[in-house]
Amino acid sequence: MKNAIEIKGLTKIFGELKAVDNVTLSIKEGELFGFLGPNGSGKTTTVKMLTGQIKPTKGNATILGKDILRSPIEIREIVGIMPEQENPPSFLTAEEYLHFVAKIRKLDNIKEKSDYWFEFLDFENQKNVLCKDLSRGTRQKLMFAQTFLHNPKLVFIDEPLINLDPIIQKKVKDYLQNFVKSGRTIFFCTHVLEIAEEICTNIGIIYNGKLIFKGPMKDLKRRGQHLEDFFLKLVKEA
Amino acid sequence: MFEILMSMIKEEWRIHSTIFSGMKFFLFPFVISLFVFLVSLLFSIFSSIITFNQIALLIHYLFVLFGLSVGAFGLLGREIMNRRFEQASMIAYSSRTLPLSEKRILLNFFIKDIIYYFLLWILPVVVGFAIASPIISVNLNYSFILLTTLTLSFLIGLSISFFLSTIYVHSMKLLIGILSLTIISGVFTNRYFHTNVMELLPSITFFFNPSMNLIIASLAIVVILSSFSIFFFKVDYAEKKRMFKNHFNVLSNIFRFNKYSIFIAKDILDMNRSGGGMGKILFSLLFPLIIIWLMLSIFLKLLPTTNTLIMFSIFLGVMSSSIYNWLTEFDLFTAYSFLPIKTSEVIKGKLNTYVLLNIISLIILIVVALVTSILNYLLPSIASFIMVSFYSLAVTVYLTGLHPNILLYDAKILLAYVLLISPVLLALIFLSVLNPFYLLMSPLLMVLSICLIKKSFKKWDDWEQQSF
Ligand SMILES: Nc1ncnc2c1ncn2[C@@H]1O[C@H](COP(=O)(O)OP(=O)(O)O)[C@@H](O)[C@H]1O
Ligand SMILES: [Mg+2]
């Protein structure tokens, strides 16, 4: 398998703070990679660098063979990104928003594609509601749909499941697992360890900007170790 | 009561000082003072052209105008309650059961804005003038009177706008009725009683002839109009969710000849559905323009060489570049940053919408020319309008990107804005005095504007989105 993501010495400094500190990591196609760490450890900052939304202070990375410094827009064209904050996008309705994204991404059969997601995530009745007036959970569904709308080979999702009800959560988890089975890749940021333990094939743990662990989930399971205990132990040592 | 007010003021401070340093925001009033100080030094030149009384009248009406253009709170409805500040929106939500406290929040918001404008604009203007007064040998006492009367003029403008916008939200017909009644009675009194414009506003009369009664009269206007507005303020809070049919596809189809049709469609929907809808155009463009026209037609009679229409077109150009400022109000770039578009593309989208909306201003100009039958200078005024509006737009975009409403309060940026725009305006006015047809050369400014806009695209693409 080829590497979907290759990160070398990625660093981001905000003023005095090293938000991401010399992270080196590669992620193969077909991985459901869980990027774990407590709040403020640098997950979102890493995703923003990897998708060309902010520039690294040092280091570099390639995403599906494209350089993050040279081709940020091309990268955002081919990948899907679910941002951490489900910002209400202005005064469009949910459906209009999906169509807006689809047109930016120059897709065809827009109506079909968006209808599929309204049905799949069970929020057809919210189609015509202004994004601003949607509940947090529904906004999260909308942003989830937006991420996968163009059927990308790689997605970055930042804390995607927090506000979803258990039935949808189950559906989404199955969807993510099937997604990687077909050789596509997911970079999944979360601080919720149970979900990561359940679905991820590989994990990396970031703490205070430093990558303190990376490896396959299988190894942990083989050692009979719970992710939570392992995580707490690592964080204590760090 | 005081707590809500303080939290609103803190919020306003936070919004401005997280983007640039608090220091730069703090310096903003000093830039205003400096500017007014410099302009005041030219007093002797002005006073050789027009009388002291006329200058005073002009300044007071400018503040009425300023109040009018920022006072359309009635349009903000739910926005006041939850857009601008997070804390206050929590307070607002807790008020659903208590309509009384809702009004209190609004009152606080109103007072906060008054304090804000007083400290950032009115006080610095007067201070700038006061510092210049010994040099231009004007009695310092005038500054104290000016502080009172300018504040009152501003408040009168503000409450008139608040009042009219509140009526607008309830009924357009009622608004038209009230406006026509006002205009008719105005024309009537003017014709039969030969009233002087100076006496129309008690705050101005007070400036020439201080008396307690006039202060009471001014305050009465402000208090009556604003309490009426606060009382009838309409919030369509809907716990109910706002629903709309999908208009996005239709609109983006209509504009498909334009490369940025999706953004234009989105901007139009944003504008229509946000607080006040198209009423924003009415209140922040049309009303101020009517006042500008009135002022110009009164003053320029005294200046035979200057043509009213040309001056109006220059003002119109500056005013209409502020349409761009509203267009940036609806969302933050963070709502796009994860999509495959650059900041410059969002800016280009807004510029295209702006060009479309600017047609409204162009129509206003032509209508004014037709109505007043000043047709001989129509072409030069169209040229100067287009140039001024594009040049001020280019400067705005270069200096502030997608955040004009916030970044213009950065002292350094404001200074640059004033320095880039005012010489050009003065040059155009000077040219028009020589011969209005010289303004037909103003398209040369287009070259400069386009260069500036091109540079802005690069500048803002390289600028890293702050988290705010
Ligand atoms: N634009 C910014 N300016 C300054 N500090 C920032 C900025 N963005 C993030 N940070 C800081 O960087 C650290 C990492 O943040 P983040 O990547 O959001 O963490 P996580 O997503 O793991 O919760 C935090 O301490 C955060 O406060
Ligand atoms: Mg995060």
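Residues numbered from 1 in each chain as written. Chains lettered and ligands numbered in written order. Predicted model: local features only at pLDDT ≥ 70, side-chain atom pairs only at ≥ 80, totals over all residues. Heavy atoms only, no water.

S.K.: Please provide a residue-by-residue account of the packing of helix α18 (residues 378–400) of chain B against helix α21 (residues 444–462) of chain B, values included.
M.R.: Residues and elements named next belong to chain B. Look at α18 against α21: their axes get within 8 Å of each other, and the N-to-C directions meet at 20 degrees. The angle between α18 and α21 falls in the class roughly parallel. As for how α18 packs across α21, the hand of that crossing is left-handed. Between α18 and α21, the residues in contact are Met387, Phe390, Tyr391, Ala394, Val395, Val397, Tyr398, Leu399 and Thr400 and Leu445, Met446, Leu448, Ser449, Leu452, Ile453, Lys455, Ser456, Lys459 and Trp460, respectively. Across the contact of α18 with α21, the residue classes break down as 14 nonpolar, three polar and two charged. (Axes fitted to C-alpha atoms, helices over the stretch in contact; angles between N-to-C directions. Helix = DSSP H or I, 4+ residues; strand = E, 2+ residues; numbered from the N terminus. Parallel < 35°, antiparallel > 145°, perpendicular 65-115°, else oblique. Left-handed = near helix turned anticlockwise from the far one by under 90°. Contact = heavy atoms within 4.5 Å. Nonpolar A, V, L, I, M, F, W, Y, C, P; charged D, E, K, R; others polar.)

S.K.: Requested: an account of the sheet that holds strand β8 (residues 185–190) of chain A, with residues and values cited.
M.R.: Residue and element names in this part refer to chain A. Read from one edge of the open sheet, six strands run β6-β7-β8-β3-β9-β10, paired in mixed fashion. Taken across any chain shown, the strands that pair with only one partner, and hence form the sheet edges, are β6 (79–82) and β10 (210–216). Averaged over all neighbouring strand pairs, the angle between strand axes comes to 15 degrees, with direction disregarded. Sheet topology note: the strand β3 (residues 32–36)/strand β9 (residues 202–207) ladder contains four bridges and is parallel. Paired with Gly34 across the two strands is Ile203, which belongs to β9. Here helix α5 (residues 136–148) sits on the sheet in contact with β6 and β7 (154–158), set at roughly 170 degrees to β6. Where helix α9 (residues 227–237) meets the sheet, its contacts fall on β3, β9 and β10, and the angle it forms with β9 comes to roughly 35 degrees. (Pairing = 2+ DSSP bridges.)

S.K.: Explain the interface of chain B and chain A residue by residue, including any values.
M.R.: Contacts between chain B and chain A engage 32 residues on the former and 32 residues on the latter. Between chain B and chain A, a total of about 3,000 Å² is buried, with carbon and sulfur atoms accounting for 59% of that surface. Scanning the region where chain B abuts chain A turns up two salt bridges. The partner of A:Glu96 in a salt bridge is B:Arg273, and the shortest N-O contact between them spans 2.7 Å. If you look at where chain B meets chain A, you find 16 residue pairs in polar contact (both at pLDDT 80 or more). Every element with two or more residues in the side of chain B that touches chain A is listed here: α5 (77–82), α12 (248–254) and α13 (261–273) of chain B. At six residues, α13(B) tops the list of elements feeding residues into the side of chain B that touches chain A. Across the side of chain B that touches chain A, the residue classes break down as 13 nonpolar, seven polar and 12 charged. (Buried area = accessible area lost by both parts, 1.4 Å probe. Salt bridge = Lys/Arg side-chain N within 4 Å of Asp/Glu carboxyl O. Polar contact = N/O pair within 3.5 Å; in protein donor to acceptor, adjacent residues only side chain to side chain.)

S.K.: Would you mind going over the coordination of the magnesium ion (ligand 2) in detail, with residue names and values included?
M.R.: Residues and elements named next belong to chain A. In this structure, Thr44 (OG1) and Glu84 (OE) serve as the protein donors to the magnesium ion (ligand 2), at separations of 2.0 to 2.3 Å. Taken together, the residues Thr44 in helix α1 (residues 43–50) and Glu84 in the loop between β6 and α3 (94–104) connect sequence positions 40 residues apart. Looking at Glu84, the relative accessible area reads 36%, which means it is partly exposed. (Donors = N, O, S within 2.8 Å, 3.2 Å for Na, K, Ca; no water. Buried < 20%, exposed > 50% of the residue type's maximum accessible area, 1.4 Å probe, protein only.)

None of the figures reported here should be taken as evidence of function without further support.
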